[in-house]
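Chain by chain, the residues:
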Number of protein chains: 2
Amino acid sequence: MTERFSVTYHVRSDAGSIEVRAQGIAVEQSVEMPLAAIDEPAVLSDIVGQVEQIDDLGGGLFAVRIGLALATVGDDPGQLLNMLFGNTSLHEDVILRDVALPERFRVRADGTPTLRRRLGVPRRPFTGSALKPQGLSSERLADLAERLARGGLDFIKDDHGLADQAYSPFAVRVPLIAEAVARAVRSTGLLTRYIPSLTGDLEQMRARARIAVDCGLDCMMVAPMIAGFSAVAALTRGFPDVTFFAHPAMGGAARIAPELLIGRLFPALGCGAVIFPTYGGRFGYSPATCRELVANARPALAVPAGGITLNRVTELLDFYGPDTMLLIGGNLLLAQERITEESAAFVGAVARHGDT
Amino acid sequence: MTERFSVTYHVRSDAGSIEVRAQGIAVEQSVEMPLAAIDEPAVLSDIVGQVEQIDDLGGGLFAVRIGLALATVGDDPGQLLNMLFGNTSLHEDVILRDVALPERFRVRADGTPTLRRRLGVPRRPFTGSALKPQGLSSERLADLAERLARGGLDFIKDDHGLADQAYSPFAVRVPLIAEAVARAVRSTGLLTRYIPSLTGDLEQMRARARIAVDCGLDCMMVAPMIAGFSAVAALTRGFPDVTFFAHPAMGGAARIAPELLIGRLFPALGCGAVIFPTYGGRFGYSPATCRELVANARPALAVPAGGITLNRVTELLDFYGPDTMLLIGGNLLLAQERITEESAAFVGAVARHGDT
């Protein structure tokens, strides 16, 4: 008997065609050829995908559950993604909706408890902001980081647009910002973390992670849909003491359900925290999507973001609960010269929520 | 003056909102924060994206052209993708439609002329097929490769599902198949190429490429949307004598126009040949999309695929012209014990087309 794992697709189809469509996906995501041309019985029985269930969701939408053979995936997360959705991603009427991840991909960073221990924050939600705009010099970004940190934020991350640009090269920017945050920490007594963004190929990401570790940093950010699943998994394995924050850039929400992509797959790559666009912000996820995404991702730390304003702290913490880091970027930066005070107001609002 | 390059998005919107939407994308893909919070004049003038043009395409669709600052990208192709579409990919009503690639990303492998020279095929289209189903042993895949090669095909590639699975590990499979094809080549006198598929992280892909080079191979396949743009660029730079075939897996056709993703971006990573789902096959690209994709990609070799049958050779070659490799996988394999003869018929049909 071959070991299989179940993958669920949502397919737009008419009822008369759905069985053929489902069988087509099962073949496309396994042997990718006419079954009539396969003369090896073991391939037909053990390798070809099997349609396990078809549910009519109404309105011309069907949930199709297919059992894929674990043997086709091996242990490479890139190959997992390939077998989950490689060719079928090219069909516009199919969404990859859910996966019962095989055991070997279920090892996850213990994001939330690790961060609570490191920062000495046992119960309340976390606060965070982002360093931007890109185009500022490393010195100006470091100054901004220090002012945010003096407001008492838990996390200050690189904007995901910050890479290794000439105006703030990684090797210059990261040590300066780490020092600036360390100065603020000595003054506030808090354990604020700076999260630099790692970009480039695996070698470049590793070299940058080493620079960050040398600066005493233990939190970093990476965008798995840009870096590649295999690269992120290799990176997280190589730095077991670092908590990796997954950024959703290139997440192409319409084709892989974010509940799955961000909620299940990014943590399976070893990311201990997942940043995602919250409902009610600049991007269009629904409250139901956000709720399921977060439930899937835990114990990774949930990091709702994307246009959050200070007046939504209570509402969002009521919704997400305490194992959350609220990330307010642009809307905090609007305070400009009052940035430290605005950060402190943010920190205070979150702290007060914890008291209630 | 900052150097900018133009990026075109297609946006679903009503006419009254399109200017605000366009400005929103320009900000999202550059500084990602309220402009009012930026106090550095150089960032406002040189870094923030600029809306250059808005065209009403009718039916609620608009083409929005935005000038992004080259300085935000640096020279990393992953960061290029990030700045082109990172966050905006999360908006379901926006498609990344085209890019005037900056000069530094315009270096391309000279795919077609290189392959013509190597295989001694000056004018006619190329032929190819794929090794599948996965689940077969390396020995059986090698046997299949030999029989296809004896039919006179130009290229025999790994199915994109073949990675490093237990039933046909890369280090076992590739030397066996390379030997089998070499045996056929000694018999046919043709210069048939075997194209193994590289998967995994950058280190694994490099190690596998070295195995393939040691087997005398000079063509390899990679899926940039799974491997990551930065990794593919590093790989192609490291093996300048290898022609890389880009596989469209995870290409998410609906969100990045395939004319751009496969036609422009994959060649910009150093891939000398691009495989894509042709019109009239299992996937839904239109003839117009295929025509533009191929025009964009050249001099990379165009490799239409995805359910091609032998009776379409004339039609497809009339459409794509001679700088093409026709890839017939599953439909050739249906011939089973007559696979060599069917391959020869395919080769003959392509050769005859060249004579007309």
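Residues numbered from 1 in each chain as written. Chains lettered and ligands numbered in written order. Predicted model: local features only at pLDDT ≥ 70, side-chain atom pairs only at ≥ 80, totals over all residues.

Peer 1: So, the overall build of chain A: which residues are in play, and what are the values?
Peer 2: Each helix and strand counted, chain A has 14 helices and 12 strands in total. Compactness check: chain A gives a C-alpha radius of gyration of 22 Å against a globular reference of 21 Å for 356 residues, within 12% of the reference. Buried positions account for 59% of the 356 residues belonging to chain A. Once local pairs closer than 6 in sequence are excluded, the contacts in chain A between residues at least 24 apart make up 74%. (Helix = DSSP H or I, 4+ residues; strand = E, 2+ residues; numbered from the N terminus. Rg over C-alpha atoms; globule rule 2.2 N^0.38 Å. Buried ≥ 20, exposed ≤ 12 C-beta atoms within 10 Å, placed from the backbone. Contact = placed C-beta atoms within 7 Å.)

Peer 1: With reference to specific residues and values, describe the interface of chain B and chain A.
Peer 2: In this assembly, 70 residues from chain B lie in contact with 71 residues from chain A. Elements represented by at least two residues in the side of chain B that touches chain A include exactly α2 (41-46), α3 (77-85), α7 (202-214), α8 (224-227), α9 (229-238) and α13 (330-333) of chain B. In terms of residue count, α3 of chain B provides more of the side of chain B that touches chain A than any other element does, six residues in total. Class assignment of the residues belonging to the side of chain B that touches chain A gives a composition of 34 nonpolar, 24 polar and 12 charged. (Nonpolar A, V, L, I, M, F, W, Y, C, P; charged D, E, K, R; others polar.)

Peer 1: Any details on the sheet that holds strand β9 (residues 243-246) of chain B? Residues and values, ideally.
Peer 2: Residues and elements named next belong to chain B. Within the open sheet, the four strands sit side by side as β8-β9-β10-β11. Their pairing is parallel. A single partner strand is all that each edge strand has here, and the edge strands are β8 (219-222) and β11 (301-305). Neighbouring strand axes in the sheet, compared pairwise and without regard to direction, differ in orientation by 25 degrees on average. Both strand β10 (residues 273-277) and β11 contribute to a ladder of five bridges, which runs parallel. From the neighbouring strand, Ala 273 faces β11, where its bridge partner is Leu 301. (Pairing = 2+ DSSP bridges. Axes fitted to C-alpha atoms, helices over the stretch in contact; angles between N-to-C directions.)

Peer 1: Pulling in residues and values, what's your account of the nonpolar core?
Peer 2: Counting 231 residues, the largest nonpolar core has Ala 145 of chain A together with Ala 145 of chain B as the members making the most contacts within it. Those residues in contact with Ala 145 of chain B that lie beyond four places of it in its chain are Leu 131, Ile 156, Ile 177, Ala 180, Val 181 and Tyr 194 of chain B. (Core = buried A, V, L, I, M, F, W, Y, C linked by C-beta atoms within 7 Å.)

Peer 1: I'd like a description of the domain arrangement of chain A, backed by residues and values.
Peer 2: Residues and elements named next belong to chain A. Taken domain by domain, chain A holds domain 1 (4-105) and domain 2 (111-355). The gap between the C-alpha centroids of domain 1 and domain 2 is 34 Å. Looking at which element gives the most residues to the side of domain 1 that touches domain 2, the answer is strand β4 (residues 94-99), with five residues. Looking at side-chain class alone, the side of domain 1 that touches domain 2 contains eight nonpolar, two polar and three charged residues. (Domains from an automatic or database assignment.)

Peer 1: Give me the relation of the copies chain B and chain A: which residues, what numbers.
Peer 2: Copy one and copy two of the chain differ by a rotation about an axis and a translation along that axis. Superposing chain B onto chain A requires a rotation of 180 degrees together with a translation of 0.0 Å along the rotation axis, leaving an RMSD of 0.0 Å. Expressed as a symmetry operation, the mapping of one chain copy onto the other fits a two-fold axis. Within chain B, Gly 228 of chain B has its C-alpha nearest the rotation axis, a separation of 2.2 Å. The residues that chain B uses at the interface reappear at the interface of chain A in 100% of cases, marking a shared surface. (Least-squares fit on C-alpha atoms with pLDDT ≥ 70 in both.)

Peer 1: Which residues make up the sheet that holds strand β8 (residues 219-222) of chain A, and what are the values?
Peer 2: Residues and elements named next belong to chain A. Strands sit in the order β8-β9-β10-β11 across an open sheet of four strands; the sheet is parallel. Because the sheet does not close on itself, it has two edges, and the strands there are β8 and β11 (301-305). Direction aside, neighbouring strands of the sheet carry axes that sit 25 degrees apart on average.

Peer 1: Please set out the pairing of β11 of chain B residue by residue, giving values where relevant.
Peer 2: With respect to burial, β11 of chain B is a largely interior element, five of its five residues being buried. Side-chain alternation along β11 of chain B places Leu 301, Val 303 and Ala 305 of chain B on one buried face and Ala 302 and Pro 304 of chain B on a second face that is also buried.

Peer 1: Could you give an account of the environment of Gly 228 of chain B, naming the residues involved and the relevant values?
Peer 2: Looking at where Gly 228 of chain B falls in the secondary structure, it is placed in the loop between α8 and α9. Residues Gly 228 of chain B and Gly 78 of chain B lie 150 residues apart in sequence; the distance between their C-alpha atoms is 7.0 Å.

Peer 1: Account for the environment of Val 121 of chain B, naming residues and giving values.
Peer 2: Residues and elements named next belong to chain B. Residue position: Val 121 is located in the loop between α4 (111-119) and β5 (126-131). Judged by local crowding, Val 121 falls into the partly exposed class, with 18 C-beta atoms found within 10 Å. When the C-alpha positions of Val 121 and Val 181 are compared, they lie 18 Å apart, and in sequence the two are 60 residues distant. Contact partners of Val 121, with chain neighbours within four places excluded, come to Arg 116, Phe 126 and Asp 154.

Peer 1: Now, about the pairing of β9 of chain B: what can you tell me, with residues and values included?
Peer 2: Residue and element names in this part refer to chain B. Here β9 shows a buried face lined by Thr 243 and Phe 245 and a second buried face lined by Phe 244 and Ala 246. Where β8 and β9 come together, four bridges link them in parallel fashion. Counted as the bridge partner of Cys 219 is Thr 243 from β9. Note that β9 and β10 share two bridges and pair parallel. From the neighbouring strand, Ala 246 faces β10, where its bridge partner is Val 274.

Peer 1: Tell me about the packing of α7 of chain B against α9 of chain B, and please be specific about residues and values.
Peer 2: Residues and elements named next belong to chain B. α9 packs onto α7 with a crossing angle of 30 degrees between their chain directions and a minimal axis gap of 10 Å. One way to sum up the angle between α7 and α9 is to call them roughly parallel. In this structure, α7 meets α9 at a crossing whose hand is right-handed. Residues Leu 202, Met 205, Arg 206 and Ala 209 of α7 form the contact with α9, whose participating residues are Ala 231, Ala 234, Leu 235 and Gly 238. The residue inventory of the contact of α7 with α9, partitioned by class, reads six nonpolar, one polar and one charged. (Parallel < 35°, antiparallel > 145°, perpendicular 65-115°, else oblique. Left-handed = near helix turned anticlockwise from the far one by under 90°.)

Peer 1: Which residues make up helix α11 (residues 287-297) of chain B, and what values go with them?
Peer 2: All names here are of chain B. The set of residues buried in α11 consists of Thr 289, Cys 290, Leu 293, Val 294, Asn 296 and Ala 297. Seen along its axis, α11 keeps its buried residues to an arc of 160 degrees; they face one direction. Exposed and facing more than 90 degrees away from the buried side of α11 are Pro 287, Ala 288 and Ala 295. (Arc of directions from axis to C-beta.)

Peer 1: Report on the packing of helix α5 (residues 138-150) of chain B against helix α6 (residues 170-188) of chain B, specifying residues and quantitative values.
Peer 2: For any two helices packed against each other, one specifies the inter-axial angle together with the distance between the axes. Residue and element names in this part refer to chain B. Running from N to C, α5 and α6 point in directions that differ by 25 degrees, and their axes come no closer than 8 Å. With respect to their mutual orientation, α5 and α6 come out roughly parallel. In this structure, the crossing between α5 and α6 has a hand that is right-handed. Contact with α5, carried on its side by Ser 138, Glu 139, Leu 141, Ala 142, Asp 143, Ala 145, Glu 146, Ala 149 and Arg 150, involves Val 172, Arg 173, Leu 176, Ile 177, Ala 180, Val 181, Arg 183, Ala 184, Val 185, Ser 187 and Thr 188 of α6 and no other residues of that element.

Peer 1: Could you give an account of the confidence of the model for chain A, with specific residues and numbers?
Peer 2: Mean pLDDT over chain A: 87, with 96% of residues reaching 70 or higher. For this predicted complex, the interface score ipTM comes out at 0.79, alongside a pTM of 0.83. (pLDDT = per-residue confidence, 0-100.)

Peer 1: An account of unusual backbone geometry is needed here, citing residue identities and associated values.
Peer 2: Residues and elements named next belong to chain A. In the segment running from Lys 132 into Pro 133, the intervening peptide bond is cis, with an omega of 0 degrees. Mapped onto the elements, Pro 133 comes out in the loop between β5 (126-131) and α5 (138-150). In this structure, Glu 32 is a non-glycine residue whose phi angle is positive, near 55 degrees. Relative to the helices and strands, Glu 32 resides in the loop between α1 (18-28) and α2 (41-46). In this structure Glu 32 comes out as buried when scored by C-beta crowding, with 21 C-beta atoms within 10 Å.

Peer 1: Explain the environment of Asp 75 of chain B to me, using residue names and the numbers behind them.
Peer 2: Among the structural elements, Asp 75 of chain B can be located in the loop between β3 (61-69) and α3. In the structure, Asp 75 of chain B is positioned 232 residues away from Gly 307 of chain B in sequence and 37 Å away in space, judged by C-alpha atoms.

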